[in-house]
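# Topology and contacts: notes
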Amino acid sequence: MNSQIFRSASRAARSFLFASASKSAPPFAGGRAAVAAVAFRDKVPALTSFFGRAGSSNASSGWVAGALAIPAAVYMLQQQEVHAAEMERTFIAIKPDGVQRGLIAEIISRFERKGFKLVAIKLIKPSKEFAQKHYHDLKERPFFNGLCDFLSSGPVLAMVWEGEGVVTYGRKLIGATDPQKSEPGTIRGDLAVVVGRNIIHGSDGPETAKDEVNLWFKPEELVSYTSNAEKWIYGVN
């Protein structure tokens, strides 16, 4: 929630700066600055009292002036830190069947085309004991041993992907556990047939993602960097 507030504030402040810098409109005037302030007030209702209440005769000028008084302080709130705080990371693994079928490039390209960023990758053959740790939440299920046997039967491409909403949308890209119930356009819907050979694994939630990333990767194996494409994926006009 805080990261959303910070981002809304920084976007609004950016609009203020652009509007103030414009030669066609005087600083603190209406136009884009006012529009931005409206968006700022609506997106960050907790600050409404600071800018002025909606019903007041001076409400418009109050919150515009108040917003503009925040100036670069909000936008300069370490934009990169705010951006980084919103980024999620998820664990994605191409299982032995996906590796053996030569689907690595196809699967990676789908995540890249969506706009997610690869921050860790390695090809490993996990032991059965390691597979048991990975599937520990399924140890009471009758298929647990078979699942672990399969994951440890060949090379697995382990990856960590980063992006806004990557945990939830990563699961959408993958599709339902049973390929026959997966929508066309998803990885499993397009590339797999039966549930026992569904080619890919993805973390099912933020906490699971953290646990799985920590299980499969050491901290020094995760790379933090800014992609040149990010301004085209997350940028604000």
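Given the structure is predicted, the values throughout are model-derived calculations rather than measurements.

For the structure shown, the criterion picks out eight salt bridges. Two residues, Lys128 and Asp149, come together in a salt bridge whose shortest N-O distance is 2.9 Å. In this pair, Lys128 sits in helix H9 (residues 128–134) while Asp149 sits in helix H10 (residues 144–151), placing the two residues 21 residues apart along the sequence. What makes Lys128 partly exposed here is its relative accessible area of 30%. Each of Arg89, Lys117, Glu162 and Glu230 takes part in a single network of salt bridges with overlapping partners.

Scanning the entire structure with this criterion turns up five aromatic pairs. Between Phe130 and Trp216, the aromatic rings sit 4.7 Å apart at their centres with planes inclined by 85°, giving edge-to-face as the arrangement. Of this pair, Phe130 sits in helix H9 while Trp216 sits in helix H13 (residues 206–216), and the two are 86 residues apart along the sequence. Put simply, the rings of Phe111, Phe116, Trp161 and Tyr169 touch in pairs and so form one group of aromatic residues. The positively charged end of Lys114 is found above the aromatic ring belonging to Tyr169, 3.8 Å away from the centroid.

The feature "active site" (unreviewed entry), as annotated in UniProt, sits at His201 in this numbering. Along the chain, His201 falls in strand S4 (residues 200–202). Of the residues examined, His201 reaches a relative accessible area of 13% and is grouped as buried.

Glancing now at the confidence of the model for the chain. In this model, the chain carries an average pLDDT of 78, and 64% of its residues clear a pLDDT of 70 or more. Predicted confidence is poor over residues 1–6, with pLDDT under 50, and the contacts of this stretch with residues over four places away or in other chains come to seven contacts. Confidence drops under a pLDDT of 50 for residues 13–55, and excluding neighbours within four residues, the segment shows 54 contacts in the predicted structure.

Right, let's get into the sheet that holds strand S2 (residues 117–124). The four strands are arranged S2-S3-S1-S4 in an open sheet whose pairing can be described as antiparallel. What marks the edges here is a single partner per strand, and that holds for S2 and S4. Going from strand to strand, the sheet's axes swing by 15° on average, the running direction of each strand aside. The pairing of strand S1 (residues 88–94) with S4 spans three bridges and is classified as antiparallel. The partner of Ala93 across the bridge, within S4, is His201.

Packing of helix H8 (residues 104–114) against helix H11 (residues 166–174) brings their axes to within 11 Å, and their N-to-C directions diverge by 135°. Between H8 and H11, the angle falls in the class oblique. The element H8 and its partner H11 pack so that their crossing is right-handed. Taking contact as the criterion, the partners of Arg110, Phe111 and Lys114 in H8 are, on H11, Tyr169, Gly170, Leu173 and Ile174. Of the residues contributing to the contact of H8 with H11, the split by class is four nonpolar, one polar and two charged.

Each value, and the rule that gives it
Throughout, residues of each chain are indexed from 1 in the direction in which the sequence is written. Thresholds applied to this predicted model are a pLDDT of at least 70 for local features of residues and 80 or more for the giving and counting of side-chain atom pairs; totals over whole chains, interfaces and linings are not thresholded and use all residues. Working from all heavy atoms in the structure, the side-chain values ignore hydrogens and water. Counted as salt bridges are all cases of a side-chain nitrogen of Lys or Arg within 4 Å of a carboxyl oxygen of Asp or Glu. What counts as a helix is a DSSP run of H or I of at least four residues, what counts as a strand is a run of E of at least two, and both are numbered from the N terminus. Each residue gets one of three labels from its accessible area relative to the maximum for its type: buried under 20%, exposed over 50%, partly exposed in between, using a 1.4 Å probe on protein chains only. Centres within 6.5 Å are what make two rings of Phe, Tyr or Trp a pair, Trp counting through its six-membered ring; a difference in plane orientation under 30 degrees is then read as stacked, over 60 as edge-to-face, and the rest as tilted. Charges are assigned to positions over rings by a cutoff of 6 Å between ring centre and Lys NZ or Arg CZ, combined with an angular limit of 35 degrees from the ring normal. UniProt positions are given in the numbering used here, feature names are shortened, and annotations may be inferred rather than shown by experiment. How sure the predictor is of each residue is captured by pLDDT, a score from 0 to 100. Whether two residues touch is decided by their heavy atoms; if any such pair falls within 4.5 Å, the residues are in contact. Any two strands with at least two DSSP bridges between them are considered paired. Only C-alpha atoms enter the line fits that serve as axes; for helices the fit covers just the stretch in contact. Angles between N-to-C directions range over 0 to 180 degrees. Throughout, the term roughly parallel applies to angles under 35 degrees, roughly antiparallel to angles over 145, roughly perpendicular to angles from 65 to 115, and oblique to all others. Handedness of a crossing is defined here by the sense of rotation of the near helix relative to the far one, left-handed for an anticlockwise turn of less than a right angle and right-handed for a clockwise turn. Classes in brief: Ala, Val, Leu, Ile, Met, Phe, Trp, Tyr, Cys and Pro nonpolar; Asp, Glu, Lys and Arg charged; the others, Gly included, polar.

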